[in-house]
Amino acid sequence: MVNFVLIAVCIIAGMVFKATKSIHPDAHKGINTWILYLALPAVSFKYLPKVQWTAEMLFPIVATFLISVFCFFFMKFYSRYKGYSGRSQSTLELISGYSNTSFIGFPLVAAFYGENLLSIAVICDQTMFLALSTLGIIAAVKGGGRSGEVSTKFILKRLITFPPLIGCIAALVLSRFIDFSSAEPFFDKLAATVSPLALFSVGLQLKFNGWKKFIPQMSVSMFYKLILAPTLVLGLALIAGIKGNVAKITVFEAAMPTVLTASIIAEPFRLNTKLTNLTIGFSIIAGLFTSAIWYRLTEFFF
């Protein structure tokens with residue numbers, strides 16, 4: 001309960017600072033730069049070298065891509081039923097098929113399960129980024145009024161220049177040749193900044209004005225993201241016989257709200273940025289409550 005309260009306090013503090021205009025409107029960009037370039041890579045170096053790789057560790061990878069693929073079909077049929085445009089369908093795919101596995105996921109995993117299980121959360125997060133940088137970009141291009149063609153060069157550039165992914169690969173490769181135990185105190189201090197700064201940054205970015213006309217789209221998006229997607233992963237885990245911490249964290253990360261990067265992608269590809277930002281905000285608030293339910297469910301089933 002104490003950790004949950006601290007999570008809420010960090011987000012509310014960001015919202016208060018933003019409302020009082022006592023902080024620069026682009027302050028979150030500097031905070032995010034610290035997190036992306038230093039804190040998240042430090043998390044990889046802190047936890048990934050200690051991961052015991054088994055066949056079960058493929059489950060987070062499969063589950064994350066399954067959520068994105070299933071979301072495509074779900075939103076395609078829903079948009080066709082509602083008569084939505086391709087732009088609206090792509091926006092719904094972008095805000096529903098990809099989880100906030102790091103900025104929200106890491107603090108909540110640490111709060112509910114303990115920091116020792118962040119190693120599994122890191123795998124979920126990096127896989128989510130791979131899915132967003134490939135399937136998410138393709139959806140954005142197709143719905144954004146462009147040619148519909150996505151170059152392999154463009155996707156590869158996004159992948160190989162993303163600092164957390166570089167940190168993840170470096171941690172996995174270098175740890176086989178170098179003993180980083182002496183650097184653990186340094187990684188500990190950097191990794192400790194992820195949760196408070198990420199949540200404070202989220203609070204700075206939340207937007208809620210003009211939400212009423214988007215209630216139908218936000219509702220179906222949050223239904224998929226916060227309820228249907230983790231239910232799908234839960235069912236897959238039970239069918240495949242995946243148990244223990246791998247199953248718990250994978251289901252829990254699947255239940256996280258909409259990824260913040262969706263707003264960054266939506267703007268240049270001319271998707272519905274208003275709907276994107278509103279869904280991010282409301283899904284984070286709702287996700288703080290639904291995550292407690294999913295924690296209880298994962299403890300019950302696994």
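Draft legend 1. Inspection of the overall build of the protein at higher detail. Of the regular secondary structure elements, the protein holds 14 helices and zero strands. Counting from the amino terminus, the protein carries its helices and strands in the arrangement α-α-α-α-α-α-α-α-α-α-α-α-α-α. Over its C-alpha trace the protein gives a radius of gyration of 18 Å, about what one expects of a compact globule, namely 19 Å for 302 residues. By its C-alpha atoms, the protein is 55 × 50 × 45 Å across when sized along the principal axes. Taking all 302 residues of the protein together, 51% fall into the buried category. Carbon and sulfur atoms form 67% of the exposed surface of the protein, whose accessible area is close to 14,200 Å². In the protein, the 25 positive side-chain charges and the 12 negative ones have mean positions that sit 12 Å from each other.

Draft legend 2. Geometry of the packing of aromatic side chains. For the structure shown, the criterion picks out 14 aromatic pairs. With 5.1 Å between their ring centres and 75 degrees between their planes, Phe72 and Phe73 make a pair best called edge-to-face. Centroid distance Phe112 to Phe252: 5.6 Å. Interplanar angle 65 degrees. Geometry classified as edge-to-face. With Phe112 in helix H5 (residues 105–112) and Phe252 in helix H12 (residues 244–254), the pair connects residues that are 140 residues apart, well separated along the chain.

Draft legend 3. Summary view of the side chain of Lys46. Relative to the assigned elements, Lys46 resides in helix H2 (residues 27–47). At 3.3 Å, the side chain of Lys46 and the side chain of Asp188 are in polar contact. Ignoring any residue separated from it by four or fewer positions in sequence, one finds Lys46 in contact with Glu115, Phe187, Asp188 and Ala191.

Criteria and thresholds
Residues numbered from 1 in each chain as written. Predicted model: local features only at pLDDT ≥ 70, side-chain atom pairs only at ≥ 80, totals over all residues. Heavy atoms only, no water. Helix = DSSP H or I, 4+ residues; strand = E, 2+ residues; numbered from the N terminus. Rg over C-alpha atoms; globule rule 2.2 N^0.38 Å. Buried < 20%, exposed > 50% of the residue type's maximum accessible area, 1.4 Å probe, protein only. Areas by Shrake-Rupley, 256 points an atom, 1.4 Å probe, with all protein chains shown as cover. Lys, Arg positive; Asp, Glu negative; His and termini not counted. Charge placed at Lys NZ, Arg CZ, Asp CG, Glu CD. Phe/Tyr/Trp six-rings, centres within 6.5 Å; stacked < 30°, edge-to-face > 60°. Polar contact = N/O pair within 3.5 Å; in protein donor to acceptor, adjacent residues only side chain to side chain. Contact = heavy atoms within 4.5 Å.

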